[in-house]
Amino acid sequence: MARKKAASEKPGNTLPDKLARLGIAREQDLVLHLPLRYEDHTHLCPIAVVKPGAAWQVEGVVVRTDVQYRGRRQLTSVLRDDADRGATLVLRFFHFYPNHQKSLAVGARIRAFGEVRDGSAGLEMVHPSFHVVAEGTPLPDRLTPVYPTTAGLSQDALRKVVSRALESDPALLAETLPPWTRDPASLWDFGRAVRYLHQPPADDASAAIQASLDERRHPAWTRLKFDELLAQQLSLKMHRRARAKRRAPRLAGDGSLTRILLERLPFALTRAQTRVLKEIRSDLTRGVPMQRLLQGDVGSGKTVVAALAALQAIESGKQVAFMAPTEILAEQHYRKLAEWLKDLPLQMAWLAGSLPAKERRKAIEAMTGGEAQLAVGTHALFQDEVELPRLGLAIVDEQHRFGVAQRLALRQKGIGDTHQLMMSATPIPRTLAMSFYADLDVSVIDEMPPGRTPVVTKLVSERRRAEVVELVRKSCLAGRQVYWVCPLIEESEKLELQTAVALHADLSATLEGCEVALLHGRMKPQDKSAAMQRFVGGEAKVLVATTVIEVGVDVPNASLMVIEHAERFGLAQLHQLRGRVGRGSSESVCVLLFEEPMSATAKARLKVIYENTDGFEIARQDLLIRGPGEFMGVRQSGVPLLRFADLERDVKLIEQARSAADELLRREPEAARAHLERWMGGKQAFLGSG
Ligand code: ADP
Ligand code: MG
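Keep in mind that this is a model prediction, so the values were computed, not measured. (Residues numbered from 1 in each chain as written. Chains lettered and ligands numbered in written order. Predicted model: local features only at pLDDT ≥ 70, side-chain atom pairs only at ≥ 80, totals over all residues. Heavy atoms only, no water.)

**Student:** Residue-level account of the sheet that holds strand 17 (residues 481-485), with values.
**Tutor:** Ordered by their spatial adjacency, six strands build an open sheet running 16-21-20-17-19-18, and the pairing between neighbours is parallel. Bordering the open sheet on either side are strand 16 (456-461) and strand 18 (516-519), each of which pairs with just one other strand. Neighbour-to-neighbour, the strand axes of the sheet open up by a mean angle of 20°, direction not taken into account. Bridge analysis of strand 17 against strand 19 (residues 542-545) gives four bridges, and the strand direction is parallel. Paired with W484 across the two strands is V544, which belongs to strand 19. Here helix 16 (residues 465-477) sits on the sheet and contacts strand 16, strand 17, strand 19, strand 20 (558-563) and strand 21 (589-594); the angle it forms with strand 17, its principal contact strand, is near 150°. Along the sheet, helix 18 (residues 525-536) contacts strand 17, strand 18, strand 19 and strand 20; its crossing angle with strand 18, the most-contacted strand, is approximately 145°. (Pairing = 2+ DSSP bridges. Helix = DSSP H or I, 4+ residues; strand = E, 2+ residues; numbered from the N terminus. Axes fitted to C-alpha atoms, helices over the stretch in contact; angles between N-to-C directions. Contact = heavy atoms within 4.5 Å.)

**Student:** Residue-level account of unusual backbone geometry, with values.
**Tutor:** Residues other than glycine predominantly adopt negative phi, and peptide bonds predominantly adopt the trans conformation. Of the consecutive residues E596 and P597, the connecting peptide bond is found in the cis state with omega at 0°. Non-glycine residue H565 carries a positive phi angle of around 50°. Relative to the helices and strands, H565 is located in the loop between strand 20 and helix 19 (571-578).

**Student:** Give a detailed account of the pattern of salt bridges, specifying residues and quantitative values.
**Tutor:** A complete count under the given rule lists 36 salt bridges for this structure. Between E59 and R109 there is a salt bridge, with its nearest N and O atoms 2.9 Å apart. Remark: R109 occurs in strand 5 (residues 109-119) and E59 occurs in strand 2 (residues 55-70); sequence separation between them is 50 residues. Across the pair, R109 and E59 agree in class, each one buried. (Salt bridge = Lys/Arg side-chain N within 4 Å of Asp/Glu carboxyl O. Buried < 20%, exposed > 50% of the residue type's maximum accessible area, 1.4 Å probe, protein only.)

**Student:** Go over the side chain of E315, please, and point to the residues and values.
**Tutor:** Tracing the backbone through its elements, the reader meets E315 in helix 11 (residues 302-315). There is no salt bridge for the buried E315, and the closest opposite charge comes from R281, which lies 6.1 Å off by N-O distance. Contact partners of E315, with chain neighbours within four places excluded, come to G253, D254, G255, S256, L257 and T258. (Lys, Arg positive; Asp, Glu negative; His and termini not counted.)

**Student:** Tell me about the nonpolar core, and name the residues and values.
**Tutor:** Within the largest apolar cluster, 63 residues are counted, with the highest numbers of intra-cluster contacts made by L341, M367 and L374. In terms of residue count, helix 11 provides more of this core than any other element does, ten residues in total. If sequence neighbours within four positions are ignored, L341 has contacts with L261, R264, L311, L346, M348 and L374. Formed by 51 residues, the second largest nonpolar core is a distinct cluster that contains Y147, L158, L213 and L234. (Core = buried A, V, L, I, M, F, W, Y, C linked by side-chain atoms within 4.5 Å.)

**Student:** Before we move on, could you go through helix 11 and cite the residues and values that matter?
**Tutor:** Between its first and last C-alpha atoms helix 11 spans 20 Å; for 14 residues at 1.5 Å apiece the expected length is 20 Å, and the two agree. Within helix 11, 13 of the 14 residues are buried, which leaves it mostly tucked inside the rest of the structure. Just beyond helix 11, the residue with positive phi is G317, at close to 85°. (Expected span 1.5 Å × (residues − 1).)

**Student:** Can you tell me about the site of ligand 1, naming the residues and giving the values?
**Tutor:** Taken together, 17 residues surround ligand 1, and among them G299, K302, T303, R452 and D554 come closest. Between an oxygen atom of ligand 1 and a side-chain N or O atom of T303, the distance comes to 2.6 Å. When ligand 1 is considered free in solution it has 570 Å² of accessible area, and contact with the protein chains removes 88% of it. (Near = heavy atom within 4 Å. Polar contact = N/O pair within 3.5 Å; in protein donor to acceptor, adjacent residues only side chain to side chain. Areas by Shrake-Rupley, 256 points an atom, 1.4 Å probe, with all protein chains shown as cover.)

**Student:** I'd like a description of the confidence of the model for the protein, backed by residues and values.
**Tutor:** Overall, the predicted model of the protein reaches an average pLDDT of 86, with 89% of residues at or above 70. Scored below 50 in pLDDT, residues 628-640 makes 38 contacts in the model with residues more than four places away or belonging to other chains. The low-confidence segment residues 684-690 (pLDDT under 50) makes 26 contacts with residues lying over four places distant or belonging to another chain. (pLDDT = per-residue confidence, 0-100.)

**Student:** Explain the environment of K524 to me, and be specific about the residues and the numbers.
**Tutor:** Mapped onto the fold, K524 is located in the loop between strand 18 and helix 18. Sequence separation between K524 and S354 is 170 residues; the distance between their C-alpha atoms is 8.4 Å.

**Student:** Please give an account of the environment of E327 that cites residues and values.
**Tutor:** You can see E327 is positioned in helix 12 (residues 327-340). Exposure remark for E327: the relative accessible area of 22% places this residue in the partly exposed category. With sequence-adjacent residues up to four places away left out, E327 is seen in contact with W350, A352, G353, S354, T378 and P525. At a separation of 2.9 Å, a polar atom in the side chain of E327 contacts the side chain of S354.

**Student:** Report on the packing of helix 22 (residues 651-667) against helix 23 (residues 669-680), specifying residues and quantitative values.
**Tutor:** One way to put it is that helix 22 packs onto helix 23 with a least axis distance of 5 Å and a crossing angle of 120°. Relative to helix 23, the element helix 22 lies oblique. Facing helix 22, whose interface residues are L664, L665, R666 and R667, helix 23 presents P669, A671 and A672. Of the residues belonging to the contact of helix 22 with helix 23, the class tally is five nonpolar, no polar and two charged. (Parallel < 35°, antiparallel > 145°, perpendicular 65-115°, else oblique. Nonpolar A, V, L, I, M, F, W, Y, C, P; charged D, E, K, R; others polar.)

**Student:** Pulling in residues and values, what's your account of the sheet that holds strand 14 (residues 419-424)?
**Tutor:** Across the sheet, which stays open at both edges, the seven strands sit in the order 11-12-10-13-14-9-15 with parallel pairing between neighbours. Each edge of the sheet is formed by a strand with only one pairing partner; in this case those strands are strand 11 (348-351) and strand 15 (441-445). Across this sheet, the average inter-strand angle for adjacent strands is 20°, counted without regard to direction. As defined by bridge partners, strand 9 (residues 291-296) adjoins strand 14 across five bridges and the pair is classed as parallel.

**Student:** If you had to explain the packing of aromatic side chains to someone new, which residues and values would you point to?
**Tutor:** Using the criterion set out here, one finds six aromatic pairs in the structure. Note on F93 and F130: the rings are 5.7 Å apart at their centroids and 65° apart in plane angle, and the pair reads as edge-to-face. Placement of the pair is F93 in strand 4 (residues 88-93) and F130 in strand 7 (residues 129-132), with a sequence separation of 37 residues. Here F93 matches F130 in class, with each residue buried. Three or more aromatic residues joined by ring pairs form one cluster here, namely W221, F644 and W679. Across the ring face of F94, the terminal group of R72 is positioned such that the distance to the ring centre comes to 4.3 Å. Positioned above the aromatic ring of W180, the side-chain terminus of R667 is 3.8 Å from the ring centre. (Phe/Tyr/Trp six-rings, centres within 6.5 Å; stacked < 30°, edge-to-face > 60°. Lys NZ or Arg CZ within 6 Å of the ring centre and 35° of its normal.)

Following this line, the structure appears as structure tokens:
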């Protein structure tokens, strides 16, 4: 029988739903839902004594509560300290629920904790945490945990369910690790560490303990970080073992196509290209699905290696899917491959979201019927109607750019049992690679093709913009081409667009007689492609673009790159953008226009990009400036982020976890399984290679 549900029980709004949004499905997950930080609620401070600029806990009686409109709708409530009549404090809320108003009724006794600041009506706390208490309610004797939470789930509610989970079943706190894994690292017992983190005792040393907890230096944290890293390593290693047991077709090829391409290329492969190609070729013949990551700095020549791998698969009677994250890049690959493979006995097909219905149907038919041996496109290749019945190899370019959803779609397409080659220009420092890619084989192209002149980088103040425009004019007159990258405006895509359009109009007027093309994210795919083609073909001399050009485009005649407001870009982006020039034989220049004042971080970044050209060194510096959490777009990449461990600071722990994982799998596979079950419970937590 249908029952009318309360508002809080609407689908998506029940407690389990909210917990699910935090990744919590089981009691065990609650136990492992650890605090972000702690508050010290063990003392009360009289309202007359609190000072702005620090957090305090106060207690008082509500003398007024109302909703006001002062620019913004807000709830304000005035507390009066009854021990010290007259001292009052304002509690201010910009987001609030009817419940807030109810609890803050006049006469209620409230305990509030928060940062105090000077407000328009005297001292105030904005969005303090608070409770209604009875007079004389004892203070807690432990630090109060503050958990990561989600909309509509209060800290109090979360604390309650976590405490309940801690008491529910001793098995949830039981030790999974044999002593020989714990002892060398002097790790705390699991149950002790978890309890401590949820309910740290408060005593004279509270402040010091709180600091070591907040900074995650405390031994209790060390234990949890170790466990997390161990689970990650176990998962990746088991993944790898499982793969070794799977079967994939042996694609030895007969060399008939690869030989022709190698003869045709206007260049010889570099030693590094030859080496990685050999690694890939041998993987393809092994009868076990390849999962190889091909790393190489921008411009190191990954595409041709992929093309040769594709031909080997096609020679073996298989289909190949070649995917890129954007249409522009996919189309560029398609054209390049079509040129390289002209007149060879093989059929290509092209598929992207913007294709007209008729051509789309034709492409899909050719793929599904198996006639098209080389399918090039965006992730549209993995839509439901598309089938590649003889798929033998999937190539994913700029794999770190694919979103999590797209990787999952790939996985569901049963790509798991075909050979996979992933390519990435994101140089990954060793600690990250060790941690994230333990389930992949990695090949690195560590050498640039010969004949490149290094790019000269210039830092130029916005005040000298006119000189830069002159430089652009000269380049165009000399028959060379120019990229002009628009400022990144994170707060507003619309503003970014307007800037691009205005800049395009401006340059078109100033650079009379020289065609300026425009490329931005909001253009229709056909228009984007047309603009790009005019630039590739050389008709357009200047390409004004938002950062859409960042990914992989290749126009060797372009020798000048101007990046406006370079101080707003991240290091990875700057490095990728600069990599678009210096591909031909003429001397190339990258002008970084900056505007002052700049933050210290922005200055540090520009210094790094000015002084370095090696992608790995830039990545290392990036890690130092930013910290790994935000490292080079790892966050968007779908690579499993560690919740607790810190890749830079916990390098030693990563190494310990790695060797413990090997030994545990060898000596006590049951303990390994129990450990994984605790940390991941059947969840496919690690997308790893997609
Ligand atoms: P990325 O690794 O950034 O994807 P590309 O594959 O786009 O680099 O290659 C960059 C440019 O270098 C292309 O124009 C490509 O044809 C050229 N190239 C690749 N390998 C060589 C080589 N061995 N010698 C000379 N040029 C090469
Ligand atoms: Mg590329």
